Amino acid sequence: MARWCYRHRLVVLLLWVGALFGVGFSASTAGTDYANVFSLPDTDSKTAYDLMQKAFPNTSGDTDTVVWKVTDGSVRDQAVRDRVQPALDRIAKIEGVGAVAGPYEGARGAAQISRDGRIAYAQLTFVQRANEIPKDTVQKVLDTAQAAERGGLQVELGGQAIQRVQEPPQGLSESVGIVAAAVVLFLAFGSFFAMTLPIAIAVFGVGMGLFSTQLLSHITNIPDIAPLLASLIGLGVGIDYALFIVTRHRRGILRGMDPEESAVTALNTSGRAVLFAGGTVCIALAGMLVTRLRFLDGVVIGTSLTVVLSVLAAVTLLPALLGFLGPRVLSRRQRRRLAAEGPEPEKASGLAARWSVNVEKRPRRIAALALVVMAVLAVPVFSLRLGATDQGNDDASTTTRKAYDLLAEGFGPGFNGPLQVVSAGGDTTRLVEGIKATSGVAQAAALPPARGVTVIQVVPTTSPQSKETDDLIDTLRDRVIPQAGVDAHVGGVTAVSKDFASVTGDRLPLFVATIIGLGFLLLLVAFRSLVVPLTAALMNLIAAAASFGVLVAVFQWGWGLDLLGLGKEGPINAFLPVIMLSLLFGLSMDYQVFLVSRMHEEWVHTRDNARAVRVGLAETSRVINSAALIMVCVFLAFVLSGDSGAAMAGVGLAAAVALDAFILRTALVPAAMHLFGDSNWWLPGWLEKRLPHLAVEPSEEAVAPNPAEPAGPATAVHGFVRTADGDPVEDASVTLMSKGGRQLDRVTSLADGSYIVSVPAPGSYLLAVTSTSYGSRARHLVVTEGPLVYDVELTGDEVDAVN
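These numbers come from a predicted model, not from an experiment.

1. With respect to the overall build of the protein
- A count of helices and strands for the protein gives 25 helices and 18 strands.
- For the protein, the C-alpha atoms occupy an extent of roughly 110 × 55 × 45 Å along the three principal directions.
- Carbon and sulfur atoms provide 57% of the accessible area of the protein, an area that totals close to 33600 Å².
- Separation between the mean location of the 65 positive side-chain charges and that of the 72 negative ones in the protein comes to 2 Å.

2. Quick notes on unusual backbone geometry
- Positioned with a positive phi, D731 is a non-glycine residue whose angle comes to about 65°.
- Mapped onto the elements of the fold, D731 is located in the loop between strand 11 (715-723) and strand 12 (733-737).

3. Notes on the packing of helix 8 (residues 172-189) against helix 9 (residues 192-216)
- Interaxial distance between helix 8 and helix 9 falls to 8 Å at its minimum, and their mutual angle equals 145°. Viewed along their axes, helix 8 and helix 9 form a crossing whose handedness is right-handed. Residue-level inspection shows I178, A181, A182, L185, F186 and F189 of helix 8 in contact with helix 9, the latter providing F192, A194, M195, P198, I199 and V203.
- Looking at the contact of helix 8 with helix 9 residue by residue, the classes come out as 12 nonpolar, no polar and no charged.

4. Digging into the environment of G570
- Relative to the elements of secondary structure, G570 occurs in the loop between helix 21 (561-564) and strand 10 (572-573).
- Along the sequence, G570 and G558 sit 12 residues apart, while their C-alpha atoms lie 8.0 Å from each other.

5. Here's the deal with helix 15 (residues 363-378)
- Between its first and last C-alpha, helix 15 extends 22 Å over 16 residues, near the 22 Å set by a 1.5 Å rise per residue.
- Taken residue by residue, helix 15 has P363, I366, A367, A370, M374 and A378 as its buried positions. All buried residues of helix 15 fall inside an arc of 105° around its axis, so they share one side. Facing away from the buried side of helix 15, by more than 90 degrees, are the exposed residues R364, R365, L369 and V376.
- Contacts from the buried residues of helix 15 go to helix 14 (351-361), helix 20 (531-556) and helix 24 (644-676).

6. Regarding the sheet that holds strand 9 (residues 488-491)
- Read across the open sheet, the 4 strands follow the order 7-8-6-9; overall the sheet is antiparallel. What marks the edges here is a single partner per strand, and that holds for strand 7 (441-446) and strand 9. On average, adjacent strands in this sheet sit at an angle of 20° to one another, irrespective of strand direction.
- Judged from the 4 bridges that link them, strand 6 (residues 419-423) and strand 9 form a sheet pairing that is antiparallel. Residue S423 lies in a different strand from strand 9, and its bridge partner there is A488.
- Relative to strand 8 (residues 454-460), helix 17 (residues 428-436) is tilted by about 5°, and along the sheet it contacts strand 6, strand 7, strand 8 and strand 9.

7. Describing the side chain of S547
- Checked against the element boundaries, S547 lands in helix 20.
- Judged by relative accessible area, which is 0%, S547 ranks as buried.
- Residues contacting S547, with those up to four places away along its chain left out, are M580, L584, G652, A656 and L659.

8. Things to note about the packing of aromatic side chains
- Tallied over the entire structure, the rule returns 8 aromatic pairs.
- Plain terms: the ring middles of W603 and W681 are 5.8 Å apart, the flat faces sit at 15° to each other, and that makes the pair stacked. With a gap of 78 residues between them, W603 in helix 22 (residues 576-606) and W681 in the loop between helix 24 and helix 25 (685-690) connect regions that are remote in the sequence.
- The buried category is assigned to W603, whose relative accessible area is 8%.
- Judged by relative accessible area, which is 9%, W681 ranks as buried.
- Among the aromatic residues, those joined into a ring-pair cluster are Y121, F411 and F415.
- Sitting over the face of the ring of F193, R328 holds its NZ or CZ atom 5.4 Å from the ring centroid.
- The side chain of R722 reaches across the aromatic face of F720, ending 4.3 Å from its centre.

What counts and how
- Residues numbered from 1 in each chain as written.
- Predicted model: local features only at pLDDT ≥ 70, side-chain atom pairs only at ≥ 80, totals over all residues.
- Heavy atoms only, no water.
- Helix = DSSP H or I, 4+ residues; strand = E, 2+ residues; numbered from the N terminus.
- Areas by Shrake-Rupley, 256 points an atom, 1.4 Å probe, with all protein chains shown as cover.
- Lys, Arg positive; Asp, Glu negative; His and termini not counted.
- Charge placed at Lys NZ, Arg CZ, Asp CG, Glu CD.
- Axes fitted to C-alpha atoms, helices over the stretch in contact; angles between N-to-C directions.
- Left-handed = near helix turned anticlockwise from the far one by under 90°.
- Contact = heavy atoms within 4.5 Å.
- Nonpolar A, V, L, I, M, F, W, Y, C, P; charged D, E, K, R; others polar.
- Expected span 1.5 Å × (residues − 1).
- Buried < 20%, exposed > 50% of the residue type's maximum accessible area, 1.4 Å probe, protein only.
- Arc of directions from axis to C-beta.
- Pairing = 2+ DSSP bridges.
- Phe/Tyr/Trp six-rings, centres within 6.5 Å; stacked < 30°, edge-to-face > 60°.
- Lys NZ or Arg CZ within 6 Å of the ring centre and 35° of its normal.

See below:
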């Protein structure tokens, strides 16, 4: 496939460009229909919501708020009314505004003025939901209201629709992330053309993914945060996957390969690992479905689709683009050196090689230090509190945050998140009295009954995000309502958030067990080892704990929030642990696959664990760290998105990737593998026979199969293991393996150095010989119909490896 795409590069490019423009035009024509569906079956707040729908079936549209405050006097003063009321009347006439309920309209309106008379509010009801209202309409409302301001009169607006117009321009965070990634890529490659390749792949993959998700929003419920998260993960994996393939391609050209053969080899090696890694990310994302939270279904669809399209772009569009560039994928200096000096040998050198040697020399010290760092960062996770962010978490300079603070100042902290106690029968008078007498309740009032349903508006004394408000909801449900002897349920946005957090917390262990179990099975099949997947599972848990510790310290404790311009501290979004763990698991698997596959390749060839770990770390750590740095830049750019959920996910994932790549994969994993020794690659014989074989990244220089080789009867390889002086080597381990690394036979040389291993049929095999006293040697052999005589010479100071 890679060769076809390389040779038919113009066709492939035109197909991708046509698909991108076609899907983009369709999405632009159809528009968006994102919907935040918090369906929580068997919860008290869901029952309350169903009763509300029964009593008030015609309530629709988004309700926002205009709040004003006077420095001197009262909002009832005629001078204030003469400025505010005409503005409210003009707002009521704007197309798209259904109704405006102000404080100057009778006895009911009087309740919209604070006790000290300095703050008042009006409620605006739009005819559509917030995400459907044209931004021009919302901006006109905002401008009309704030035009009433003057010295001593402050006017602010709050609500979901208002929040949309104060967000940064769409695509700002993606653009900043791409620019930052381009800088890192240019520093890594030193070539402008090579730098543009991963960026182009990410743009095509994310563009197709976002347009497709937009179209799917008309068919199924997709939350409005799904495209943000899809672009966040899509940019990260798209750039990273292309980076791995381009790095392998450049290495092939530098070693003297023809550009076409180098591209084909890169796709057939690193491309396979990309397919495997992309599959693990999608499986991790699909793990969210076990939580049975319908809100996350749309997130799974959007993010998985974007990852699939990014992988597809990496394995089809990328070889086509490599065909257009040819040798220009190298920098000018590299091309000149290649022409003058010829191909360069493949070797790991520089900082990566020196660090790899240090890890081999001091594994206990490095492992202990890495564990201490991760443990310290994980300490805040013990105070993790799930909930929901609201406009009280917006930046202090925004009008939504100012409106939120004014309402809290004039009517109490709980005014921004009232509870709704919905009763379907019984003595509601007694219930209202019981609620009013409850500690933590500022006010409670029953609305006129409708269709046998009574709604009691309850304003807590504490803010919607405080633990005291959560405790009040429990008190109403467990004590006050049962004592009143009525059938009532507690609803409202605050109660829904609490129930969502509770349900998420209850289902989180099952979710974690699912994705850890899937990761274990995938790595077990890929690397045919029990210790490697167990180590990976443990590392994923450590990375998750440390990254959530960083998240709690920043967003819950408020450390650095002002520096990042992210508003006020509060609880962690309830849906974030599930999304973050899915993405973290997928990305961790990526790095584990790229790191350990190289180690496993070296182990298959040499049976020397210390060398396998050292070489694998030296040759992959640089590209893994570059990929992680790109992801950190992309994720941190989402702080600029204007969406608190996306900003929280961006910071959390940036911390997770940085800790995973720079501490776990670079230090703790290789140090642990040095300590475990040959046990890293142990697998019981009965399990070895039953596991399917999966070649994640085949050896680049394995002997190609010969189609002319006939399948025939069993044969053998035999000979002697001797030193350079001709002395026999006793107790040397002689292993015969298939080209894919599967062990076929293993024996120990006798006192005279002789050995014999059985061969199942003529073909190409790998013979590895290891001795504790004389090092290792590995060779590819082609066995014909008769037994093959092959003597092995070992030296005391050489460790030979087939690269």
